[in-house]
Amino acid sequence: MKISLKTLLFLVFHFINLSFVFGAWNTNDYLKREHSLVKPYQASGISIPFWDFTGSVMITNNYIRLTPDLQSKSGAVWNNVPCHVKNWELQVHFKVYGKGKDLFGDGMAIWYTKQPLTSGSVFGSLDFFHGLGIFLDTYANQNGPHNHGHPYLSAMVNNGSLHYDHDRDGTHTELAGCEAKFRNSEHETHLSIRYENDVLTVSTDIEGKSAWEECFTVKGVRLPTGYFFGSSATTGDLSDNHDIISMRLYELEVSDEKEEDRSNIAPAAAFFAPPRDHVDDPPPPMSGTKLYLIIVCALLGLCVCIIGGVMVFQRSQDSNRKRLY
Ligand SMILES: *[C@@H]1O[C@H](CO)[C@@H](O)[C@H](O)[C@H]1NC(C)=O
Ligand SMILES: [Ca+2]
């Protein structure tokens with residue numbers, strides 16, 4: 001069989017092209033072992049290198065359980081090495097499941113914050129935090145119609161000044177969000193948080209497709225270096241198992257990045273999601289006293305006008321009369 005030179009060149013070119021693509025994939029994204037949590041967890045005795053635990057955490061060979069399917073539990077895992085990588089992707093293999101058919105909660109969070117190991121009211125961690133929180137909210141606290149269903153994935157960037165409003169599922173502080181049916185899934189559930197050139201992209205792989213599906217992407221997100229990765233979960237009246245199976249941090253090699261010292265900047269986001277369901281309490285119906293005062297004023301004004309008018313009229317009548325006589 002004769003293969004023309006052209007065909008040969010074509011094949012060689014594509015072979016080189018392909019190996020370049022795969023080569024680029026392999027060499028440009030580095031797994032950072034010191035920021036990753038992978039099996040086997042307890043390689044060296046009872047502690048896991050680079051990671052701390054707090055609350056109801058239970059470590060088994062196959063998963064790290066942040067909370068069991070029991071009420072009023074909170075647990076967290078925190079990386080104890082500050083992250084100086086500027087562009088990164090965190091891939092989280094997790095599992096949320098439980099006995100509850102209709103009632104379950106509350107959910108979990110993936111963190112990149114200044115204050116690790118600090119428990120609080122936001123999925124078991126500190127409110128008014130500094131940094132990034134990705135929330136996997138399984139329970140709709142907000143009564144009344146949401147624009148979205150639950151479970152719900154959302155992102156929040158905080159410089160310490162914002163309160164996560166649990167009663168409204170953080171609706172008014174989120175950058176973006178999407179529904180994601182990760183709970184009691186028959187498939188393995190994965191989450192990717194990619195932070196590259198100030199663009200935050202959150203994707204899921206929860207339908208057994210072994211492919212990332214974008215949940216949302218937000219531009220103009222500024223995060224400092226030197227913060228800590230972690231994950232926390234909480235249960236209240238409602239419960240679920242919240243498990244972390246692995247967290248893998250990859251350093252992304254970004255060619256055209258601006259050299260900027262990011263160690264001391266405040267976390268900031270240029271865009272917030274347009275407030276949804278921002279139904280302010282309806283303005284209170286005009287109170288009785290207020291209405292009464294307005295009516296009294298109007299009547300008084302009217303009286304003044306009438307009296308004034310009458311006086312002017314009389315005076316002109318008088319002068320008319322004077323002139324007549
Ligand atoms: C913190 O964030 C709030 C709300 O986004 C903003 O008004 C404030 O200026 C920020 N403060 C700093 C120090 O960046
Ligand atoms: Ca909620």
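If you're wondering where the values come from, they're calculated on a predicted model, not measured in any experiment. (Residues numbered from 1 in each chain as written. Chains lettered and ligands numbered in written order. Predicted model: local features only at pLDDT ≥ 70, side-chain atom pairs only at ≥ 80, totals over all residues.)

## Here's the deal with the site of ligand 1
For clarity, the cut-off: Nearness is defined per residue: the C-beta atom, placed using the backbone, must lie within 6 Å of the molecule or strand. We call Asp, Glu, Lys and Arg charged. Ala, Val, Leu, Ile, Met, Phe, Trp, Tyr, Cys and Pro are nonpolar, and the rest, Gly among them, are polar.
The full set of residues close to ligand 1 is N159, S161, A266 and A268. Looking at the shell around ligand 1, its residues break down into two nonpolar, two polar and no charged.

## A closer look at unusual backbone geometry
Note the following rule: We count a stretch as a helix when DSSP gives it H or I for four or more residues in a row; a strand needs E for two or more, and each element gets its number in order from the N terminus.
Following G105, the chain continues into D106 via a peptide bond in cis, with omega recorded as -5 degrees. Mapped onto the secondary structure, D106 falls in the loop between β6 (88-97) and β7 (107-113). Omega for the peptide link from H150 to P151 comes to 0 degrees, which places this bond in the cis form. The backbone phi angle of N184 is positive, close to 50 degrees, even though this residue is not glycine. With respect to the secondary-structure elements, N184 resides in the loop between β11 (176-179) and β12 (189-196). Its identity as a non-glycine residue notwithstanding, N197 has a phi of 50 degrees, on the positive side. Considering the arrangement of structural elements, one finds N197 in the loop between β12 and β13 (199-205).

## Topic: the nonpolar core
Quick note on the threshold: Residues enter a nonpolar core if they are buried, belong to Ala, Val, Leu, Ile, Met, Phe, Trp, Tyr or Cys, and are joined to the set through C-beta atoms within 7 Å. Residue burial is a threshold on neighbouring C-beta atoms within 10 Å of the residue's own C-beta, all placed from the backbone, with 20 or more meaning buried, 12 or fewer meaning exposed, and counts in between meaning partly exposed. Throughout, a pair of residues is in contact if the C-beta atoms placed from their backbones lie within 7 Å.
One finds L66, V77, A109, I134, A155, F229 and I244 to be the most contacted residues of the largest nonpolar core, which totals 56 residues. Beyond its immediate sequence surroundings of up to four residues, A155 is in contact with L132, I134, E174, L175, A176, L200, V202 and V218.

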